[in-house]
Each structure stands twice: as structure tokens, then as C-alpha cells.
Amino acid sequence: MIKMVEPYTPLQYIMGKEKFFGFDFIVNEDVLIPRPETEVLVERALGIINAVRCTQRAVRILDLCTGSGNIAISLTKNAPDCRMFASDISEKALEVARLNARLNGVSDNISFIKSDLFENVGGEFDIIVSNPPYVARYEFETLQKEVLKEPLLALDGGADGLNFYRRIFNTACGYLAHNGYCVMEIGFGQLPAIKNIIESAKGFKFIDAIVDQYGINRVIVAQWIN
Ligand code: GLN
């Protein structure tokens, strides 16, 4: 039987799945479709995990705005000795993320938390990773119609797209271990403004930016030097 779908529905929503970092993820309209650009973030975070790993205790990682869970799950698959926490404001997104953790056999390694950023999160982390919503309001009219089928909650970064970076860097120091890292995806052209946000947040040092496969600055690394 032919099922009718709305125009511009992304193929991934029709198929209900997408590959990311070599793993299978279930997707639906409650979560952003994982993008290949975000694999750059996972690779960089794995490098940091290897650098900070020690014998005394597990590396603690927090994934904010986890969505489908693609970042948290890919990291856990590659570094199963880490203690992973993943939060999202959307219960429906968390349902998808939990399903994906089960599908990939890492349910026992990840604690999912319903939280508006740090609101319901406790403890100290060695690494905070995030692909927060970063689309600026004025960019919405230029987005592909397919992207507009994705959850607004996962895209809308406020007037200039930078709200989540401001909120995260204002609060993250209370949740980072000494010399802890933030590894975050950023949008096209946002690097100078985000560098500013990091440098004006007390105790944070901008480490570097990494380009994606299209040559666009896509991931930033910052460190909490207190
Ligand atoms: N990658 C999405 C886009 O280009 C945005 C994702 C996000 O806001 N984190 O539209």
C-alpha cells in the first residue's frame, strides 16, 4: 500500500532511520536528523577522552540537548568505560534516545535526564558535549523546506542563534571538573561571536575550532581553567 506523506518530509523520517558514525539510529519528527558534520564533534571528543582517561575513575561526560542520542551513543560505543549522562528538554526526544541506546546495546551505560540544559543535572563532568539549537531567527526563511520539518525546539537558537552558547557558558563552570572541556557544534559563521562568549565567560579558555568536511568551522573546544 502506498502511504501518503506530506511534501518535503525528509527521507529519513519516512524510512524512520539514519546512520551516524557507523551506527543505526531511529529518527522521527521529535528529533533532529543526525548530520555527518556532527561526526567531527564525536571524533574530537573521543580524542579528548583518550587524553584525560586515568586509572582512578571513569571519565564523566554530559551530552546536553541529546536529541536522538547520536552523540552520547556513538561516544559510548567507542569508549564504553566512560560514565555518560544525556539530557534533553523534550520527553519525546528522550524516548527516541532511549530506544536508540537499546538498539545499540548501551542502555546500561547512559543515564538519560529530562532537563532544560543543566536544570535537573547534578555532579561534575570531565567533558560536556552538545549540538545545541543554533539557527538564528532571521535564517529560518532561508532554510530548506525539509529542515523546517525538523523540531523547532532543536533548531531555534534565538534572535542571533547564540542563546544556548550564552546559557551554557554562563552555567557550565558549576558542572565541570578542574580543566574540564566543552566540545560543541556551532553554525556557519558563528565562530567569532562564540569565541567572544567563551572568552568573556570567567575561567574559560578557547582551545580551538575544527572544520567539517565542507571546510566550515563546525566544532569548538573550550576548557575550564580555574
Ligand atoms: N544542522 C542544522 C541545520 O543546518 C542545525 C542544527 C542545530 O541547530 N544544532 O539546519
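None of these values were measured; they are calculated from a predicted model. (Residues numbered from 1 in each chain as written. Predicted model: local features only at pLDDT ≥ 70, side-chain atom pairs only at ≥ 80, totals over all residues. Heavy atoms only, no water.)

*Asks:* Go over the nonpolar core, please, and point to the residues and values.
*Replies:* Residues Ile49, Ile61, Leu75, Ile110, Ile127, Val129 and Val183 are the most contacted members of the largest nonpolar core, which totals 33 residues. It is helix 2 (residues 38-52) that provides the largest number of residues to this core, a total of seven residues. Among residues more than four places away in sequence, those in contact with Ile49 are Val59, Ile61, Leu75, Ala79, Cys82 and Ile127. With 32 residues, the next largest nonpolar core counts Phe169, Ile186, Phe206 and Trp224 among its residues. (Core = buried A, V, L, I, M, F, W, Y, C linked by side-chain atoms within 4.5 Å. Buried < 20%, exposed > 50% of the residue type's maximum accessible area, 1.4 Å probe, protein only. Helix = DSSP H or I, 4+ residues; strand = E, 2+ residues; numbered from the N terminus. Contact = heavy atoms within 4.5 Å.)

*Asks:* Give a description of unusual backbone geometry that names residues and reports values.
*Replies:* Unusually for a residue other than glycine, Phe21 sits at a positive phi of about 55°. Inspection of the secondary structure assignment puts Phe21 in the loop between strand 1 (17-20) and strand 2 (23-26). Residue Phe21 is classed as buried on the basis of its relative accessible area, which comes to 19%. A positive phi angle is found at Asn179, which is not glycine, with a value near 65°.

*Asks:* Go over the state of the cysteines with me, naming the residues and quoting the values.
*Replies:* Taken as a whole, this structure holds zero disulfides when the rule is applied. This cysteine, Cys182, is not joined by any disulfide, and Cys173 carries the nearest cysteine sulfur, 9.7 Å off. By relative accessible area, Cys182 is classed as buried at 0%. (Disulfide = S-S within 2.5 Å.)

*Asks:* Give a detailed account of the site of the ligand, specifying residues and quantitative values.
*Replies:* With respect to spatial proximity, the complete set of residues near the ligand consists of Leu32, Arg35, Asn131, Pro132, Pro133, Tyr134, Val135, Val147, Ala154 and Leu155. A distance of 2.8 Å separates a nitrogen atom of the ligand from a polar atom in the side chain of Asn131. A distance of 2.9 Å is found between an oxygen atom of the ligand and a backbone nitrogen or oxygen belonging to Tyr134. Against a free-state accessible area of 300 Å², the protein chains account for coverage of 88% of the ligand. Here the shell around the ligand is built from residues that sort into eight nonpolar, one polar and one charged. (Near = heavy atom within 4 Å. Polar contact = N/O pair within 3.5 Å; in protein donor to acceptor, adjacent residues only side chain to side chain. Areas by Shrake-Rupley, 256 points an atom, 1.4 Å probe, with all protein chains shown as cover. Nonpolar A, V, L, I, M, F, W, Y, C, P; charged D, E, K, R; others polar.)

*Asks:* Describe the pairing of strand 9 (residues 217-224), with residues and values.
*Replies:* The element strand 9 is extensively covered by neighbouring structure, given that seven of its eight residues are classed as buried. Here strand 7 (residues 176-185) pairs with strand 9 via five bridges, running antiparallel. Along strand 9, the bridge assignment pairs Glu185 with Val219. Where strand 8 (residues 204-211) and strand 9 come together, seven bridges link them in antiparallel fashion. Residue pairing across strands places Val211 opposite Asn217, the latter belonging to strand 9. (Pairing = 2+ DSSP bridges.)

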